[in-house]
Amino acid sequence: MTISAAPTTTPAEEAPTVVTVVSRKAPVVLSIFTVGLALVLLLGSHDGDTTFRLSTRDDLFQLPAVTVPAMVTAWLLVVVMAAIAGWSWALTLRERPTPLWLVALFTVAALVSFLAWAAAGGTIPVVGLLGGAIALAVPLVFGAMSGVIGERAGVVNIAIDGQLLAGAFAAALVGSMIGSTWAGLAGAAFAGLLVAVLLGVFAISYHVDQVIVGVVLNVLVIGLTSFLFSQVLAPNAAELNSPPRFKAIEIPLLGEIPVIGPVLFQQTAVVYLMYVAVAVIAWALYRSRWGLRLRAVGEHPKAADTVGIKVNRTRYRAVLLAGAIAGLGGAFYTLVSVPQFNREMTGGAGYIALAAVIFGKWDPIRATLAALLFGFASTLQGVLSVIGSPVPSQFMLMLPYVVTVFAVAGLVGRSRPPAADGVPYVKG
Amino acid sequence: MNRKTRAVAGGLATLLATAALAACGDAPEEDNDSGNGSGSGDSASDFIPCIVSDAGGFDDKSFNQLSYEGVTQAAEELGVEAIEVESNSENDYGPNLESLVSQGCQAIVTVGFALASATKESAAANPDLEYILIDDAADGGEDGETFDGQPDQPNIKPILYNTAEAAFLAGYLAADYSKTGVVGTYGGQPFPTVTIFMDGFKQGVDYYNQEKGKNVKVIGWDGKDGAFTGGFEANNVATQTAQRLIDQDADVLLPVGGPIYQGALTAIEDAGREIALIGVDADFYETDPNTQDVVLTSILKNMKVSTYEAVKQAGEGDLDFTPYVGTLENDGVGLAPFHNFEGKVSDTVADELEQIKAGIIDGSIEVTSYLEQ
């Protein structure tokens, strides 16, 4: 392993080298967070107790709710955070990296401290908080998987939002007509695939700038679905826009584990499908022939071509598969959240999914975690605004986006996209 | 290569054109009628009433729909053809108004607070046309801060609703109905026309606590700020916001803002316990049969009637431009029947609500809102 001093390398040079210098980023960031939270506690002192409710009403094993004095707990945890930050400094001075588990511990301490402070005098339903994070993240995760597959193959997919929306629309329409949630799900995948066909034709066959095609496709889908909604779906809502809903299925045993059970294993089929999709994609991308070829055409299509991989055919397959996956994510809106389609109901989730792809460094697992982070921040916003927070609601609504921007810009650092991402392959 | 580029350019142009057409496809639908409509009409007229929706669309089962019904009823009685235009986003407001003006509309109903500034602009540019603006006083003045209750343009008739009065009754009812002692509300965005519901609702609950010596809690609105979904789409955010209220033990929900109540419906379905919903604008029991099992009551804004009356007046040429404020007294706002909840609410509450209503009308019970500062 070599130590690289050059901050940038042009694509013509060799692939960028791995940097193993122990950076000071971890201790600096941890210190900033500790000081920041301490300032927040100093400026806005809240009296009262905070209750963390660990069980829902119908759990088999009822855990007692934990009630703690708000300020004392918050300050104690700040001390813990300071200790971890100090430890991180010590490690850095000895040129050793800060281990991940320490950062994770710090994050948990920071979060609980903040919650204890913000919810003083109120109750934090822990299960609701975590379960809500998943519910809000589902379309984002599907969208991010779609983005990862497309970009790993070298095709930038800005049209994720369009694919989600098309999926939501088709799921509502097909689900209502046939009266089956599974048919709706299939319809959603097909609709996402149709959008992907357009993307593929323009981006792969005709070498159009992929960002522009993506944006145009998003506008096209918004226009088309809004038009069809007001002309076809809305006047015949009973027949065409009232799909059945997926019911939550509790997985035996797993579903009864306190906290984790109701959060992860009392979900709908779409969510279980998401678990499977993420696992399969994460495995296949790195361990299967399909994944190797996919990454090859995204990194160095010429080399792939030389060894006989059909670049454009591989890209087409990837883009179509990605479209179908995003379509499935769209189905969550109309088959789980609200059993009817309405205009622009994704609310730009596809763009957040795109951010999750970059935040997750084009890796399925990390992109999923990024999507979950956004979901968690949104739910946190919801919980705090319901129990009454000192921050104005307009600012609270910005919270998830602020978290995402900071996470992408600050914590991730330089992330390297696949080398041929967004570059059409022209033979010769 | 050249051929390919051209093919692509052509393809993209087609895509864009489709998108553009789809985006405003519903707007010019009445183009032909407007030409013939005036000719074929009998003596009544070349009067053309028009209506433009906000982004919610005329099928929102809520205030766009009610206003639209009012306009069509008036048009029918006047024997004329109304022109309607739906806005798909806030970018459509100005262009839609312009298109209505150019189609020869004489009275234009603009539905919603969000259209206020577009309406003012159009009214200033066309002083001989009549505008009926719903849910805003159009009194921002030059600086946008005046709020003197007088419309900035003399040709705008504002139609306003002091929904806080009806929401007060709903709050009292909700507090009386709640078994958990927690009632919740959430809105789409913190617009005055949204928060006025939440405000009145909280005052009603507070009044109940004061009268009965109880301690029913309102969550989602603290008198100044509260829980919002950030938009008026029925999607997973709306569902999750309702879920957050249910997590805090609320057993009565008041979602304010067009279709976001759909999210509350699914959250209630998933909650597995009995949670009641309070509708806004229209009687949900009538407009959305899916709600019949859960809707405790609805806070009504009688938009159909007030829009109908204003358009009728305009058609007869004697539109009175003084602002109309719907109150409990003039039945501009009110509370819907309990329907399926008739047997579930306490026996005395109906009478108590009648008394409170009388108290609000005669001024002995004070309900504050942004309309009467």
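Just so you know, these numbers come straight off a predicted model, no measurement behind them.

(A) Highlighting the domain arrangement of chain A. Residues and elements named next belong to chain A. Examined at the domain level, chain A breaks down into domain 1 (25–121) and domain 2 (131–411). Between the C-alpha centres of domain 1 and domain 2 the distance comes to 32 Å. At the interface, 11 residues of domain 1 touch nine residues of domain 2.

(B) Region of interest: the interface of chain B and chain A. On the side of chain A, 42 residues touch chain B, which itself brings 47 residues to the contact. Contributing elements (two or more residues each) for the side of chain B that touches chain A: helix H1 (2–23), helix H8 (236–247) and helix H9 (261–271) of chain B. Counting residues per element, the side of chain B that touches chain A draws most heavily on H1(B), which supplies 11 residues. Tallied by class, the residues present in the side of chain B that touches chain A amount to 17 nonpolar, 20 polar and 10 charged.

(C) Representation of the domain arrangement of chain B within the structure. Residues and elements named next belong to chain B. Looking at chain B, the domain boundaries give domain 1 (44–161 + 302–331) and domain 2 (163–301 + 343–362). Taken over C-alpha atoms, the centre of domain 1 sits 28 Å from the centre of domain 2. Each partner contributes to the interface: domain 1 provides 16 residues, whereas domain 2 provides 18 residues. Along the lines of polarity and charge, the residues of the side of domain 1 that touches domain 2 split into seven nonpolar, five polar and four charged.

(D) Summary view of the nonpolar core. With 243 residues, the main nonpolar core has A:Ala356, B:Cys50 and B:Ala170 as its most contacted residues. In this structure B:Ala170 touches B:Phe201, B:Gly204, B:Leu254, B:Ile278, B:Thr297, B:Ile299 and B:Leu335, once residues within four positions along its chain are discounted.

(E) Examining the pairing of strand E5 (residues 156–161) of chain B more closely. All names here are of chain B. For E5, the tally of buried residues reaches six of six residues, placing the bulk of the element in the interior. Of the two faces of E5, the one lined by Ile156, Pro158 and Leu160 and the one lined by Lys157, Ile159 and Tyr161 are each fully buried. Here E5 pairs with strand E11 (residues 324–326) via three bridges, running parallel. Within the sheet, the bridge partner assigned to leucine 160 lies in E11 and is valine 325.

(F) Molecular detail of the packing of helix H10 (residues 269–287) of chain A against helix H13 (residues 311–337) of chain A. Residues and elements named next belong to chain A. Two numbers describe how H10 lies on H13: the axes approach to 10 Å, and their chain directions differ by 160 degrees. In this view, H10 runs roughly antiparallel relative to H13, as classed from their interaxial angle. Regarding H10 and H13, the two cross each other, and that crossing is left-handed. Residues Val270, Leu273 and Ala277 of H10 form the contact with H13, whose own contacting residues are Ile325, Leu328, Ala331, Phe332, Leu335 and Val336. Looking at side-chain class alone, the contact of H10 with H13 contains nine nonpolar, no polar and no charged residues.

(G) Focus on the environment of A:Phe341. All names here are of chain A. Tracing the backbone shows phenylalanine 341 in the loop between H13 and helix H14 (349–359). C-beta crowding within 10 Å serves as the criterion here: with 30 such atoms nearby, phenylalanine 341 is assigned to the buried category. Separated by 30 residues in sequence, phenylalanine 341 and valine 311 have C-alpha atoms that sit 37 Å apart. Once residues within four sequence positions are removed from consideration, phenylalanine 341 is found in contact with Ala168, Phe169, Ala172, Phe229, Leu233, Asn241 and Thr334.

The rules behind each value
Residues numbered from 1 in each chain as written. Chains lettered and ligands numbered in written order. Predicted model: local features only at pLDDT ≥ 70, side-chain atom pairs only at ≥ 80, totals over all residues. Domains from an automatic or database assignment. Contact = placed C-beta atoms within 7 Å. Helix = DSSP H or I, 4+ residues; strand = E, 2+ residues; numbered from the N terminus. Nonpolar A, V, L, I, M, F, W, Y, C, P; charged D, E, K, R; others polar. Core = buried A, V, L, I, M, F, W, Y, C linked by C-beta atoms within 7 Å. Buried ≥ 20, exposed ≤ 12 C-beta atoms within 10 Å, placed from the backbone. Pairing = 2+ DSSP bridges. Axes fitted to C-alpha atoms, helices over the stretch in contact; angles between N-to-C directions. Parallel < 35°, antiparallel > 145°, perpendicular 65-115°, else oblique. Left-handed = near helix turned anticlockwise from the far one by under 90°.

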